[in-house]
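An overview of the molecular structure
The chain contents come next:
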Amino acid sequence: MSRVIEFRDALREAMSEEMRRDPRVFLLGEEVAQYDGAYKVSKGMLAEFGPRRVIDMPISENGFAGLGIGAAMMGLRPIVEFMSWSFSLVAADQILNNAPKMLYMSGGQFGCPIVFRGNDGAGGQLGSTHSWCVESLYANVPGLKMAIPSNPYDAKGLLKTAIRDPDPVFFLESERMLALKGEVPEEEYLIPFGQAAIRREGGDCTIVSFGRPVHFAMDAAEVLAKEDGIECEVIDGRTIRPLDLETIVRSVRKTNRCVVVDQSWSFASVGSEVAAQVSEACFDDLDHHVHRVHADDVPAPYAMNLEQEMLPNPRKIRKAVLSACYRG
């Protein structure tokens, strides 16, 4: 049986189910307890689990990220919520220089089964310092895993997998999608990491994306089909670390064209890496170079119209697909 719930509710269900299943799991972050979460993701969890497992932290990301890492090293399963991944930058030493390297540097004596989660990317007129897309910054570091869900179903399944994973997992959500509704099963399920989903089938061009831009890609694909007669295959990568290159390559070998949509800036980005790997694996199959659609190379503007123009959008994606198909 399935029912329709919001993205934020799917996240809450994942955390609550795992906390009921495993007493080692707990949540900490700013305003997660008394205020029910800055975005109401943890609404009601304090009442169910109490202040020892849903813990309000001071505005000190470096401090509580380190506390969570220490707890994970001692065998607990922390979920650390950043109100925004933009704020994680002040905890970069803890989350990048400690958590992903702990197992290796301790010779296997200490693991770090921790989940860092929160809102990633432009949240809607929050300005440049609150709109970071951190996937390109953080995916470069070995020893961590990274998931970016695009819908409530994936949000729940991927988060449950993340909480059970023995490695540090960076779980990137989007504030703009928290109210997004979708069908989620009542029965328990997990979504394995490294398993992309084909959201739309097509034979003319492959569009690869992650997270919120998947919806922009779907919108562009609909327009391309109706107005240009181009049928795109849209692939939702779901996870960046690990990357399901096999599904992407199989699609590109069918369509012979590829457009990668990435909400990060283009230079040294996830989109660049995906484009490079596709080019290597599909060199003889491609009828055009791999096209990339990114955020414009400027800080995120505050003005709504400029922010929308700066981000990947259906118009930019359509233009890239037309070019890849020699129609632009």
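Residues numbered from 1 in each chain as written. Predicted model: local features only at pLDDT ≥ 70, side-chain atom pairs only at ≥ 80, totals over all residues. Heavy atoms only, no water.

**Quick look at the overall build of the protein**
Of regular secondary structure, the protein possesses twelve helices and 14 strands. Against the 2.2 N^0.38 benchmark of 20 Å for 328 residues, the protein shows a C-alpha radius of gyration of 20 Å, consistent with a compact globule. If one aligns the C-alpha atoms of the protein with their principal axes, the spans along those axes are about 60 × 40 × 40 Å. Per-residue burial for the protein yields a buried fraction of 57% across its 328 residues. (Helix = DSSP H or I, 4+ residues; strand = E, 2+ residues; numbered from the N terminus. Rg over C-alpha atoms; globule rule 2.2 N^0.38 Å. Buried < 20%, exposed > 50% of the residue type's maximum accessible area, 1.4 Å probe, protein only.)

**Let's talk about the packing of aromatic side chains**
Following the criterion strictly, the structure yields nine aromatic pairs and no others. Taken together, a centroid distance of 6.2 Å and an interplanar angle of 35° make the contact between Phe64 and Phe82 tilted. Linking Phe64 in helix H3 (residues 61-73) with Phe82 in strand S4 (residues 77-82), this pair joins segments that are 18 residues apart in sequence. Each member of the pair, Phe64 together with Phe82, is buried. Summarising the aromatic geometry, the rings of Trp85 and Phe170 are spaced 5.4 Å apart at their centres and angled 20° between planes, so their arrangement reads as stacked. (Phe/Tyr/Trp six-rings, centres within 6.5 Å; stacked < 30°, edge-to-face > 60°.)

**As for the pattern of salt bridges**
Taken as a whole and assessed by the stated rule, the structure comprises 31 salt bridges. Residue Glu17 pairs with Lys156 through a salt bridge whose shortest N-O separation is 2.7 Å. In this pair, Glu17 sits in helix H1 (residues 7-21) while Lys156 sits in helix H7 (residues 152-164), placing the two residues 139 residues apart along the sequence. Arg250 is the salt-bridge partner of Glu246, the closest N and O atoms lying 3.6 Å from each other. Of this pair, Glu246 and Arg250 are both found in helix H9 (residues 245-255), four residues apart, which corresponds to roughly one turn of the helix. For Glu246, a relative accessible area of 59% translates into the label exposed. A single salt-bridge network, built from bridges that share partners, covers Arg3, Glu13, Glu17, Glu18, Arg21, Lys156, Lys160, Arg164 and Glu188. (Salt bridge = Lys/Arg side-chain N within 4 Å of Asp/Glu carboxyl O.)

**Side note on the domain arrangement of the protein**
Structurally, the protein comprises domain 1 (2-185) and domain 2 (197-324). If you average the C-alpha positions of domain 1 and of domain 2, the two centres end up 26 Å apart. Each partner contributes residues to the interface: domain 1 has 32 residues there, and domain 2 has 25 residues. In total, domain 1 and domain 2 occlude about 2,200 Å² of area from one another, counting both sides; carbon and sulfur atoms represent 53% of this. On the domain 1 side of the interface with domain 2, the three residues burying the most area are Gln125, Ser136 and Ile148, jointly 27% of the side's total. Counting across the interface, domain 1 meets domain 2 through three salt bridges. A salt bridge links Asp154 to Arg238, with the shortest nitrogen-to-oxygen separation between them at 3.0 Å. Between domain 1 and domain 2 we count 14 residue pairs in polar contact (both at pLDDT 80 or more) in total. The set of elements that each furnish at least two residues to the side of domain 1 that touches domain 2 consists of helix H6 (135-138), strand S6 (145-147) and H7. Taken together, the residues that form the side of domain 1 that touches domain 2 break down as 16 nonpolar, eleven polar and five charged. (Domains from an automatic or database assignment. Contact = heavy atoms within 4.5 Å. Buried area = accessible area lost by both parts, 1.4 Å probe. Polar contact = N/O pair within 3.5 Å; in protein donor to acceptor, adjacent residues only side chain to side chain. Nonpolar A, V, L, I, M, F, W, Y, C, P; charged D, E, K, R; others polar.)

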